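# Fold and contact review
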Amino acid sequence: MQAAVPPSDPAAGFGFQSVAHIEAGIGALARLGELAAGFAPPQAAPVAMLVTDPGVRGAGLLEPALQALREQGYRTEVYDHVVADPSEQVVLQACAQAREAGAGVVIGFGGGSSMDVAKITACLAHPHNALQLAQLYGVESVRARRLPLLQVPTTAGTGSEVTRVAIVTTGASTKSGIVNRALLADAVLLDAQLTRALPAAVTAATGIDAMVHAIEAYTSARRKNPLSDMLAREALRLLGANLLRAVGHGDDLQARESMLRGAMLAGMAFDNAPVAAVHALAYPLGGLHHLPHGLSNALVLPHVLRFNAEAAATQYAELARELLPGQDGDTTQRAQAMIEHMAGLCAGSGLPTRLRDCGIERAGLALLAREAMGQQRLLQNNPRPLLEADALAIYEAAF
Ligand SMILES: NC(=O)c1ccc[n+]([C@@H]2O[C@H](COP(=O)([O-])OP(=O)(O)OC[C@H]3O[C@@H](n4cnc5c(N)ncnc54)[C@H](O)[C@@H]3O)[C@@H](O)[C@H]2O)c1
Ligand SMILES: [Fe+2]
């Protein structure tokens, strides 16, 4: 029996939270200092700490941000050793540096990795918090205070700038999540100019990640609500219309801006209506094979959508309106068209489409399927129950 997505019941009520303050626009980075001063005036909190990675620094993005902070009267401190899928060691290093420098405001400046480290740094470096990192893992496991926190994304993907989530690599192949309202930023600054130098492969992978957030939020079996639906639909419209353009013509600022905005809207959606099986099956690919988060999602996406096709037909058909305006046909036909369109976007964006092309052996698929079963927190949100045998069949289809 397939469990269809429950229809939204107007009498059921819902909850929704997100970041309260967003500044968006081409050139908005020049207002970073002013924005920070609204939460941590430099007279009271003179040190502003930026958390970033060497790739972002190498792309020459840092200096204008630091200048905007200095012009406002801040002394600046930079932690630029974040790596993809940051480890506990990286997180603790950033926290120690923030404490030592007496940081009064923390700014995440980069992709999901940098923004996630910034979130935890803002919590653990608060002078009156005696918290240890281990206490933060889990869902709202502790009430944490934090330093003022601003987020400036330089990829259009994770939506981490507007989520309460941070992911830390805690072992050779394991990641632990922190979901805590303290991780929700005070303000977000979106400036598409920052994403102009993003390489095509990162643009493609992060863009597909954002689209998956929108699709999975829209079909989530739990906490799907009128606001998350609206955000997911608009996110998918923006991302779907601009992904290939942003990949092929990285200097098209309009396409970049649509991607950045779409990724943020998708982040707002899935922070309230959580993601499901695509992410559950993507995580073992990242954990065991160190594939980038967005690529892992892209590899399993078409196959999970096909698995869900019947249970989520109505929702997929509704999303087809955003991706393929003018598409005719009944619900089943429009749902199919949406699924094949997403498969086409994954392939058309230049990403590998088969596990075998990413260094994965057929003999390793059973372990992936077993690991995916550990992601029950995500699997419970899937529109159709998914067992280990289903996971294996999906990995085989993706092989
Ligand atoms: N907090 C959340 O809600 C959430 C959700 C999903 C994933 N994540 C986490 O986010 C991370 C993935 O984030 P990501 O996909 O944004 O990648 P990333 O932050 O790891 O960055 C990927 C690469 O892109 C480079 N880069 C970033 N911006 C650039 C720019 N503008 N120009 C040139 N190079 C640039 C970086 O240097 C890095 O090498 C993972 O750690 C994942 O676990 C978090
Ligand atoms: Fe994701």
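Above this note sits the structure.
A quick note: this is a predicted structure, and the numbers were derived from the prediction, not measured.

## So, the state of the cysteines
- Tallied over the entire structure, the rule returns zero disulfides.
- Of all cysteine sulfurs in the structure, the one in cysteine 123 sits closest to cysteine 95, which takes part in no disulfide; the separation is 8.7 Å.
- For cysteine 95, a relative accessible area of 1% puts it in the buried group.

## Some words on the pattern of salt bridges
- According to the stated counting rule, one finds 15 salt bridges in the structure shown.
- Residue arginine 57 is joined to aspartate 80 by a salt bridge in which the shortest nitrogen-to-oxygen separation is 2.5 Å. Linking arginine 57 in helix α2 (residues 54–58) with aspartate 80 in the loop between β3 (75–79) and α4 (88–101), this pair joins segments that are 23 residues apart in sequence.
- In this structure arginine 57 comes out as partly exposed when scored by relative accessible area, which is 41%.
- Aspartate 186 is paired through a salt bridge with arginine 146; the nearest N and O atoms lie 2.8 Å apart.

## Thoughts on the coordination of the iron ion (ligand 2)
- Distances from the iron ion (ligand 2) to its protein donors, namely Asp209 (OD), His213 (NE2), His279 (NE2) and His293 (NE2), fall within the range 2.1 to 2.2 Å.
- For the iron ion (ligand 2), the four donor atoms in the first shell make angles of 85 to 164° at the metal, so the coordination geometry reads as irregular.

## A closer look at the site of ligand 1
- Contacts to ligand 1 come from 29 residues, most closely from Gly112, Ser113, Thr154, Val165 and Leu194.
- A distance of 2.7 Å separates a nitrogen atom of ligand 1 from a polar backbone atom of valine 165.
- Measuring from a nitrogen atom of ligand 1, one finds a backbone N or O atom of leucine 194 at 2.8 Å.
- Bound to the protein, ligand 1 loses 88% of the 870 Å² it would expose on its own.
- Residue assignment for the shell around ligand 1 shows that the elements contributing at least two residues are α2, α5 (112–124), β7 (165–169) and α7 (200–218).
- Sorting elements by how many residues they give to the shell around ligand 1 places α5 first, with four residues.
- The residue inventory of the shell around ligand 1, partitioned by class, reads 13 nonpolar, 11 polar and five charged.
- A domain-level breakdown of the shell around ligand 1 finds at least three residues from each of domain 1 (28–190) and domain 2 (201–398).

## Quick look at the packing of helix α10 (residues 277–289) against helix α11 (residues 293–308)
- α11 packs onto α10 with a crossing angle of 135° between their chain directions and a minimal axis gap of 8 Å. The angle between α10 and α11 places the two elements in the oblique class. Considering only the axes of α10 and α11, their crossing is right-handed. Mapping the contact onto sequence places Ala277, Val278, His279, Leu281, Ala282, Tyr283, Leu285 and Gly286 in α10 and His293, Ser296, Asn297, Leu299, Val300, Leu301 and Val304 in α11.
- When the residues that make up the contact of α10 with α11 are grouped by side-chain class, the tally is 10 nonpolar, five polar and no charged.

## Topic: the packing of aromatic side chains
- Applying the stated criterion across every chain yields a total of zero aromatic pairs.
- The ring of tyrosine 218 has lysine 224 lying over it, and the distance from NZ or CZ to the ring centre is 3.8 Å.
- Cation over ring: arginine 384 sits above phenylalanine 307, and NZ or CZ is 3.9 Å from the ring centre.

## Let's talk about the side chain of threonine 163
- Mapped onto the elements, threonine 163 comes out in the loop between β6 (149–153) and β7.
- Not counting residues within four places of it along the chain, the set of residues in contact with threonine 163 comprises Lys119, Leu183, Leu184, Gly267, Phe270 and Asp271.

Parameters and conventions
Residues numbered from 1 in each chain as written. Chains lettered and ligands numbered in written order. Predicted model: local features only at pLDDT ≥ 70, side-chain atom pairs only at ≥ 80, totals over all residues. Heavy atoms only, no water. Disulfide = S-S within 2.5 Å. Buried < 20%, exposed > 50% of the residue type's maximum accessible area, 1.4 Å probe, protein only. Salt bridge = Lys/Arg side-chain N within 4 Å of Asp/Glu carboxyl O. Helix = DSSP H or I, 4+ residues; strand = E, 2+ residues; numbered from the N terminus. Donors = N, O, S within 2.8 Å, 3.2 Å for Na, K, Ca; no water. Tetrahedral: all angles 85-135°; square planar, octahedral: opposite > 155°, others 65-115°. Near = heavy atom within 4 Å. Polar contact = N/O pair within 3.5 Å; in protein donor to acceptor, adjacent residues only side chain to side chain. Areas by Shrake-Rupley, 256 points an atom, 1.4 Å probe, with all protein chains shown as cover. Nonpolar A, V, L, I, M, F, W, Y, C, P; charged D, E, K, R; others polar. Domains from an automatic or database assignment. Axes fitted to C-alpha atoms, helices over the stretch in contact; angles between N-to-C directions. Parallel < 35°, antiparallel > 145°, perpendicular 65-115°, else oblique. Left-handed = near helix turned anticlockwise from the far one by under 90°. Contact = heavy atoms within 4.5 Å. Phe/Tyr/Trp six-rings, centres within 6.5 Å; stacked < 30°, edge-to-face > 60°. Lys NZ or Arg CZ within 6 Å of the ring centre and 35° of its normal.

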